[in-house]
Amino acid sequence: MVPLPPLREVVAKHGLAASKALGQNFLFDEQLLTRIAAIPGSLKDASVLEVGPGPGGLTRALLRAGARVTAIEMDRRCLPALAELAEAFPGRLRVIEGDALKVAPETLFDEPWHVVANLPYNVGTALFTGWLSGQDWPPRWRSLTLMFQQEVAERIVAQAGSDAYGRLAVLAQWRATPRIAMKVHRSAFTPPPKVMSAVIHVEPATMPPGVSARMLERVTEAAFGQRRKMLRQSLKGLPGALAALETLGIDAARRAETLTVADFVAIAGVLST
């Protein structure tokens, strides 16, 4: 175990304060961080992508778990603290200064990788949907272990008919298996956010054959874009969609939130042919 100063000392030394503009909230509880790093399973010699490491609290937990970490950080104030961490774990931490939304992980790794991150709140959903998108499947990432606002986490795992169910649930569940691995109280963060948080763990599953990922995105975008309207209204602008409903025996008077993930996959499958 590499001896390291307490995280609060690191933050004080470098004069760091969480940036509201960057959606930052720091975690200092090292036991909690160790539990998060353990969610994907053994990370010994595994490649891990971390987004928004900040002062490096989760980063040190990942390094102590034996991971080889590539961290993307756009807040240059945090770079000196991360450089000290890289010195403590020679050859195991690579820090890239930049915007994770503009960095393709495929360019960073020669082998499959895990993603483990306390995502900045303002870009978390965009990054998540980006990692889930595209026709190529299974993806090159092995798993996603991500901190979200609890409300977003519940939307990711929601089932049809629930208030939280929507486009995010369908995109997350149609070819992957998400679960809420841990809930985290707001008091664990500095500064405390206004909402509770949760850690989502996602593993790739089998992709249904004959379905275009882009078509599924279009179907869900149309259906949930006007979620309170009947499908005959929300899908009428998507060529062939109403005929697909008739082919599948899905009542066009239903609303989007009543359709299961399998229903949306079936509609996209008909439209993909």
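Our subject in this report is the structure included herewith.

What counts and what doesn't
- Every chain is numbered independently, its residues counted from 1 as its sequence is written.
- In keeping with the predicted nature of the model, local features appear solely for residues at pLDDT of at least 70, side-chain atom pairs appear and are counted solely at 80 or more, and the whole-chain, interface and lining totals rest on all residues.
- Excluded from the side-chain calculation are hydrogens and water; included are all heavy atoms of the structure.
- A pair of strands is labelled paired if DSSP reports no fewer than 2 bridges between them.
- Counting from the N terminus, the helices are DSSP H or I runs at least four residues long and the strands are E runs at least two residues long.
- Crossover handedness is defined here as right-handed if the route from the first strand over the helix to the second strand goes clockwise, with the strands pointing away from the viewer.
- Burial classes: relative accessible area under 20% of the type maximum marks a residue as buried, over 50% as exposed, and values in between as partly exposed (1.4 Å probe, protein chains only).
- For the purposes of these results, a polar contact is taken to be a pair of N or O atoms within 3.5 Å, where, inside protein, one atom must be able to donate a hydrogen and its partner to accept one; residues adjacent in sequence count only when each atom of the pair is a side-chain atom.
- Contacts between residues were defined by any pair of non-hydrogen atoms, one from each residue, lying within 4.5 Å.
- Lines are fitted to the C-alpha atoms to define the axes, a helix being fitted only along its stretch in contact, and any angle between axes, read from their N-to-C directions, falls within 0 to 180 degrees.
- Each crossing is labelled by how the near helix is turned from the far one, with a counterclockwise turn of less than a right angle marking it left-handed and a clockwise turn marking it right-handed.
- Note on residue classes: Ala, Val, Leu, Ile, Met, Phe, Trp, Tyr, Cys and Pro are nonpolar, Asp, Glu, Lys and Arg are charged, and everything else, Gly too, is polar.
- As used here, the arc is the angular range of directions from the helix axis to the C-beta atoms.
- Nonpolar cores are built from buried Ala, Val, Leu, Ile, Met, Phe, Trp, Tyr and Cys residues. Side-chain atoms within 4.5 Å join them into one set.
- Pairs were defined over the aromatic rings of Phe, Tyr and Trp, the Trp ring being its six-membered one, requiring ring centres within 6.5 Å. Orientation was assigned from the angle between planes: stacked under 30 degrees, edge-to-face over 60, tilted for the rest.
- As a reminder, the over-ring test applies to NZ of lysine and CZ of arginine, requiring each to be within 6 Å of the ring centre and within 35 degrees of the ring normal.
- Put simply, a salt bridge is a Lys or Arg side-chain nitrogen that is within 4 Å of an Asp or Glu carboxyl oxygen.

With that settled, the discussion passes to the pairing of strand 4 (residues 93-97). As paired strands, strand 3 (residues 68-73) and strand 4 are joined by five bridges and run parallel to one another. Looking across to strand 4, one finds that Val 69 is bridged to Leu 93. The parallel pair strand 3 and strand 4 is bridged by helix 4 (residues 79-88), and the resulting crossover is right-handed.

Along the chain, the position of Thr 145 falls in strand 6 (residues 141-149). Accessibility expressed as a relative area gives 0% for Thr 145, which makes it buried. Here the side chain of Thr 145 touches His 201 through a polar contact of 2.9 Å, side chain to side chain. Among residues more than four places away in sequence, those in contact with Thr 145 are Ile 36, Ile 39, Pro 40, Val 115, Val 116, Ala 117, Val 199, Ile 200 and His 201.

Between helix 10 (residues 241-248) and helix 11 (residues 261-272), the least distance of the axes is 9 Å, while the angle of their chain directions is 115°. At the point where helix 10 passes helix 11, the crossing takes the right-handed sense. Along its contact with helix 10, which presents Ala 241, Ala 244, Leu 245 and Leu 248, the element helix 11 presents Ala 266, Ile 267, Val 270 and Leu 271. Taken together, the residues that form the contact of helix 10 with helix 11 break down as eight nonpolar, no polar and no charged.

Right, let's talk about helix 10 for a bit. Taken together, the buried positions of helix 10 are Ala 241, Ala 244 and Leu 245. For helix 10, the angular spread of buried residues about the axis comes to 105°, placing them on one side. Turned more than 90 degrees away from the buried face of helix 10 sit Glu 246 and Thr 247, all of them exposed. Residues of helix 10 that are buried sit in contact with helix 9 (231-234) and helix 11. Positive phi appears at Gly 249, one or two residues downstream of helix 10, with a value of about 75°.

Here we take up the nonpolar core. Judged by nonpolar contacts, the single largest core of 59 residues is most densely connected at Leu 49, Phe 128, Trp 131, Leu 146, Phe 148 and Phe 264. Among residues more than four places away in sequence, those in contact with Phe 148 are Leu 119, Tyr 121, Gly 124, Thr 125, Phe 128, Ala 153, Ile 156, Ser 197, Ala 198 and Ile 200. Within the second largest apolar cluster, 31 residues are counted, among which are Ile 36, Leu 43, Ala 71 and Phe 189.

Our focus in this paragraph is the packing of aromatic side chains. According to the stated counting rule, one finds six aromatic pairs in the structure shown. Plain terms: the ring middles of Phe 128 and Phe 148 are 5.4 Å apart, the flat faces sit at 75° to each other, and that makes the pair edge-to-face. Of this pair, Phe 128 sits in helix 5 (residues 124-132) while Phe 148 sits in strand 6, and the two are 20 residues apart along the sequence. Geometrically, the ring pair formed by Trp 137 and Trp 141 is edge-to-face, given 5.8 Å between the ring centres and 85° between the ring planes. An identical accessibility class is assigned to Trp 137 and Trp 141; each is buried. One aromatic cluster in this structure is built from Tyr 165, Phe 224 and Phe 264. Here Arg 94 stacks its cationic end above the ring of Phe 109, 5.8 Å away from the centre of that ring.

Turning our eyes to something else, we now look at the pattern of salt bridges. All told, the structure shown has nine salt bridges when counted by the stated rule. Measuring nitrogen to oxygen at the nearest pair gives 3.9 Å for the salt bridge that ties Arg 254 to Asp 263. You can call Arg 254 partly exposed: its relative accessible area is 29%. Each of Glu 30, Arg 60 and Arg 64 takes part in salt bridges that share partners, so that together they form one network.

The seven strands are arranged 4-3-2-5-6-9-7 in an open sheet whose pairing can be described as mixed. Pairing within the sheet leaves two strands with one partner each, and these edge strands are strand 4 and strand 7 (176-184). When strand polarity is set aside, the average angle formed by the axes of neighbouring strands in this sheet is 20°. Pairing analysis gives eight bridges linking strand 7 to strand 9 (residues 197-204), with the strands arranged antiparallel. Considered in strand 9, the bridge of Ala 176 is made with Pro 204. Running at roughly 170° to strand 7, helix 2 (residues 30-38) makes contact with strand 5 (113-118), strand 6, strand 7 and strand 9 of the sheet. Across the sheet, helix 4 is in contact with strand 3 and strand 4; its angle to strand 4 comes to roughly 160°.

Within the secondary structure layout, Thr 258 lies in the loop between helix 10 and helix 11. In the structure, Thr 258 is positioned 97 residues away from Gly 161 in sequence and 5.1 Å away in space, judged by C-alpha atoms.

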